[in-house]
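Residue-level structure breakdown
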Amino acid sequence: MGQDAVEASWGGRHDLESALAAARAGDEQGFAEVWRALHPPLLRYLTVRGDDAPEDLAADTWMHVVRGLAGFSGGVPEFRAWLFTIARHRAVDQARARDRRPRLVLGADDAAMPETGVAPSAEHEVDEREATARALRLVATLPALQAEMVVLRVVAGLDVADVARLLGKKPGTVRVTVHRALRALAKGLRESPEAPPGREVGW
């Protein structure tokens, strides 16, 4: 799910901006809406990176967000960049420390922080999981750096400049790499027996 899809699911950027402003003011429902919009792409990003226990890392990331939210300044694009920067730093820290401390692997239910009160239909949930699984398998065939760039741009919805800053690359390099990777993915999708003609693989 890209940036436009995330914003559309909440009635546009204005609604998500309002939810973020409410969350910064300590409103629980505002935070729940922000979490519900951005947690799925965050989890997909960590999954494509190949990190151990992505659900655990995602929960850890949100805990850092909660602790730092009062001092955050900016709108939705800045928050999205901040969120994924925290996630990447937590993933790197986990990789460095995995041999020095025991790990607690959280289940999907444990990682779901706020109760939103909205449950998707079983059919929709199954379709979403199947589409996501196909997409992740396809992205996983890319070299690691390409896969990370694609997920940050397409799934997380980060700007090219934010992706370049996060990965230590030039914006032009990110733009060209993502373009080539998406062309390769499109070709793989057309040739994949798992994707029937005319049906898109969602995120």
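Residues numbered from 1 in each chain as written. Predicted model: local features only at pLDDT ≥ 70, side-chain atom pairs only at ≥ 80, totals over all residues. Heavy atoms only, no water.

The name given to the protein in an unreviewed UniProt entry is RNA polymerase sigma factor, with the source organism recorded as Nocardioides mangrovicus. A UniProt comment under Sequence similarities (unreviewed entry) is attached to the protein, and it reads "Belongs to the sigma-70 factor family. ECF subfamily." (UniProt positions renumbered as here; feature names shortened; annotations may be inferred.)

1. Notes on the packing of helix 4 (residues 54–68) against helix 5 (residues 76–97)
Running from amino to carboxyl end, helix 4 crosses helix 5 at an angle of 125 degrees, the nearest separation of the two axes being 9 Å. It follows from the interaxial angle that helix 4 and helix 5 lie oblique. For the crossing formed where helix 4 meets helix 5, the hand is right-handed. Contacts between helix 4 and helix 5 pair L57, D60, T61, W62, H64, V65 and G68 from the former with F79, W82, L83, I86, A87, R90, A91 and Q94 from the latter. The residue inventory of the contact of helix 4 with helix 5, partitioned by class, reads nine nonpolar, four polar and two charged. (Axes fitted to C-alpha atoms, helices over the stretch in contact; angles between N-to-C directions. Helix = DSSP H or I, 4+ residues; strand = E, 2+ residues; numbered from the N terminus. Parallel < 35°, antiparallel > 145°, perpendicular 65-115°, else oblique. Left-handed = near helix turned anticlockwise from the far one by under 90°. Contact = heavy atoms within 4.5 Å. Nonpolar A, V, L, I, M, F, W, Y, C, P; charged D, E, K, R; others polar.)

2. Examining the nonpolar core
Core analysis: the biggest nonpolar cluster contains 46 residues, and L42, L46, W62, F79, L83, F84 and L152 have the highest contact counts within it. Those elements that place two or more of their residues in this core are helix 2 (13–24), helix 3 (28–49), helix 4, helix 5, helix 7 (122–139), helix 8 (144–155), helix 9 (160–167) and helix 10 (171–191). With nine residues, helix 3 is the single largest residue contributor to this core. The contact partners of L83, leaving out residues within four places of it in the chain, are L38, L42, T61, W62 and V65. (Core = buried A, V, L, I, M, F, W, Y, C linked by side-chain atoms within 4.5 Å. Buried < 20%, exposed > 50% of the residue type's maximum accessible area, 1.4 Å probe, protein only.)

3. Some thoughts on helix 4
Over its 15 residues, helix 4 runs 21 Å from end to end, which matches the ideal 21 Å to within 8%, given 1.5 Å per residue. All buried positions along helix 4 are accounted for by P54, L57, A58, A59, T61, W62 and V65. (Expected span 1.5 Å × (residues − 1).)

4. Considerations on the packing of helix 3 against helix 5
Packing of helix 3 against helix 5 leaves a shortest axis separation of 11 Å and a crossing angle of 40 degrees. Here helix 3 runs over helix 5; the crossing is right-handed. Together, V34, L38, P41, L42, Y45, L46 and R49 of helix 3 and F79, R80, L83, F84, A87, R88 and A91 of helix 5 make up the contact between the two elements. Residues of the contact of helix 3 with helix 5, tallied by class, amount to 11 nonpolar, no polar and three charged.

5. Side note on the packing of aromatic side chains
How two aromatic rings sit relative to each other is given by the distance of their centres and the angle of their planes. Counting across every chain of the model gives five aromatic pairs. When the centroid spacing of 5.0 Å and the interplanar angle of 20 degrees are considered together, the rings of F72 and W82 count as stacked. A residue pair is termed long-range when its members are at least 10 positions apart, and F72 in the loop between helix 4 and helix 5 and W82 in helix 5 qualify at 10 residues. Judged by its relative accessible area of 24%, W82 falls in the partly exposed class. Each residue in the set F72, F79 and W82 is aromatic and connected to the rest through ring pairs, giving one cluster. (Phe/Tyr/Trp six-rings, centres within 6.5 Å; stacked < 30°, edge-to-face > 60°.)

6. A few points about the side chain of T61
For T61, the location among the structural elements is in helix 4. Given the relative accessible area of 0%, T61 is considered buried. Among all residues touching T61, those that are not within four sequence positions of it are L42, L83, I86, A87 and R90.

7. Details of the environment of V151
Mapped onto the elements of the fold, V151 is located in helix 8. Judged by relative accessible area, which is 0%, V151 ranks as buried. Placed 12 residues apart in sequence, V151 and V163 show a C-alpha to C-alpha distance of 9.9 Å. With residues near it in sequence (within four places) discarded, V151 still touches R44, Y45, V48, V139 and A156.

8. Points about the pattern of salt bridges
For the structure shown, the criterion picks out five salt bridges. Taken together, the salt bridges that share partners define one network made up of R49, R88 and E148. (Salt bridge = Lys/Arg side-chain N within 4 Å of Asp/Glu carboxyl O.)

9. Here's the deal with the environment of G50
Structurally, G50 is set in the loop between helix 3 and helix 4. For G50, a relative accessible area of 54% puts it in the exposed group.

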